[in-house]
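Overview (structure and organization)
Here's the letter readout for the chains.
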Amino acid sequence: MELSEAIKGRRSVRRFKPDPVPKEVLEDILDLATWAPSAMNRQEWYFVAAHGQKVEEMKRIFADAFQDIKPRLEKVFADKPKIIEATKEFFETYGGAPVFIFAYCGKAPDGKTWDTNSTAVAVQNLQLAVYEAGLGSTWTDGILGKEKEINDALGVKDRKLLCVLPIGYPDEVPRVPPRREDRVEWVGF
Ligand SMILES: Cc1cc2nc3c(=O)[nH]c(=O)nc-3n(C[C@H](O)[C@H](O)[C@H](O)COP(=O)(O)O)c2cc1C
């Protein structure tokens, strides 16, 4: 696959087939994620891949997370109850994805703040590799209100959760969001 095709063709997928994803495919994808650039080459990213019972356990935590954002949604989408209902369904099912990947950050070179940047670029690699493998994913962070519960369930300590990616074979063709204009300024040309 051409890189430009991967960059433009990747979409956020939120509905998945139940078909299992071979572990070797996930290993290749996670390997490609770790070829991203990182602050001072510290490679302070961590990934937890969950499957089976762990996915079911996580979905129960995510369903609870919907209650945290419900008041905000009801305010913003007061006249669009379908959006609220669809969001609730997504939090409860995560599109039926058979695999979740939890992307974590380690400490930045200052030793105090979290190195979110390095994990973010690794996640971009990951999402492109997912697409190249014929799979789909979505960066989701609406569940971060339940970070402690998630970390406890996964046994993760001293790391910052950046996002959770449901992974599976797509069961939808997402629409292509148009690009915004006027996002680049040229100087000195
Ligand atoms: C930082 C970040 C946070 C996001 N959070 C969520 C989320 O919580 N739930 C969700 O369904 N999608 C989430 N997305 C996916 C975006 O909605 C999606 O990338 C955007 O609508 C553009 O669509 P595309 O990825 O198909 O190009 C997030 C994406 C990013 C980069």
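Treat the numbers as computed from the prediction; the structure is a model and nothing was measured. (Residues numbered from 1 in each chain as written. Predicted model: local features only at pLDDT ≥ 70, side-chain atom pairs only at ≥ 80, totals over all residues.)

Further remarks concern the site of the ligand. Taken together, the neighbourhood of the ligand is formed by R11, S12, R14, T138, W139, T140, D141, G142, P174 and P177. In terms of residue class, the shell around the ligand is made up of three nonpolar, four polar and three charged. (Near = placed C-beta within 6 Å. Nonpolar A, V, L, I, M, F, W, Y, C, P; charged D, E, K, R; others polar.)

The next thing to look at is the pairing of strand β2 (residues 99-105). Within β2, seven of the seven residues are buried, which leaves the element mostly enclosed by the surrounding structure. With burial as the criterion, each face of β2 is covered, one bearing V99, I101, A103 and C105 and the other bearing F100, F102 and Y104. As defined by bridge partners, strand β1 (residues 45-51) adjoins β2 across seven bridges and the pair is classed as antiparallel. Its bridge partner being in β2, F47 is matched across the sheet by A103. Looking at chain direction, β2 and strand β4 (residues 160-168) are connected through seven bridges and run antiparallel. (Buried ≥ 20, exposed ≤ 12 C-beta atoms within 10 Å, placed from the backbone. Helix = DSSP H or I, 4+ residues; strand = E, 2+ residues; numbered from the N terminus. Pairing = 2+ DSSP bridges.)

This part is about the packing of helix α2 (residues 23-33) against helix α5 (residues 116-132). In contact at an axis separation of 7 Å, α2 and α5 are set at 145° when each is read in the N-to-C sense. Helix-helix and strand crossings are classified by hand; for α2 and α5 the assignment is right-handed. Counted together, I29, L32 and A33 of α2 and A122, N125, L126, A129 and V130 of α5 form the full contact between these two elements. Considered class by class, the residues forming the contact of α2 with α5 number seven nonpolar, one polar and no charged. (Axes fitted to C-alpha atoms, helices over the stretch in contact; angles between N-to-C directions. Left-handed = near helix turned anticlockwise from the far one by under 90°. Contact = placed C-beta atoms within 7 Å.)

Let's shift gears to the environment of P174. Here P174 is to be found in the segment after β4. Along the chain, P174 and R11 lie 163 residues apart, while their C-alpha atoms are 6.6 Å from each other. In this structure, P174 is in contact with R11, S12 and V13, ignoring residues within four places of it in sequence.

Before going further, it helps to spend a moment on the packing of helix α3 (residues 53-76) against helix α4 (residues 81-93). Direction vectors running N to C along α3 and α4 enclose 160°, while the axes themselves pass 7 Å from each other. Between α3 and α4, the crossing angle belongs to the class labelled roughly antiparallel. As for how α3 packs across α4, the hand of that crossing is right-handed. Touching K59, F62, A63, A65, F66, L73 and E74 of α3 are I84, T87, K88, F91, E92 and T93, all from α4. Classifying every residue of the contact of α3 with α4 by side-chain character gives seven nonpolar, two polar and four charged. (Parallel < 35°, antiparallel > 145°, perpendicular 65-115°, else oblique.)

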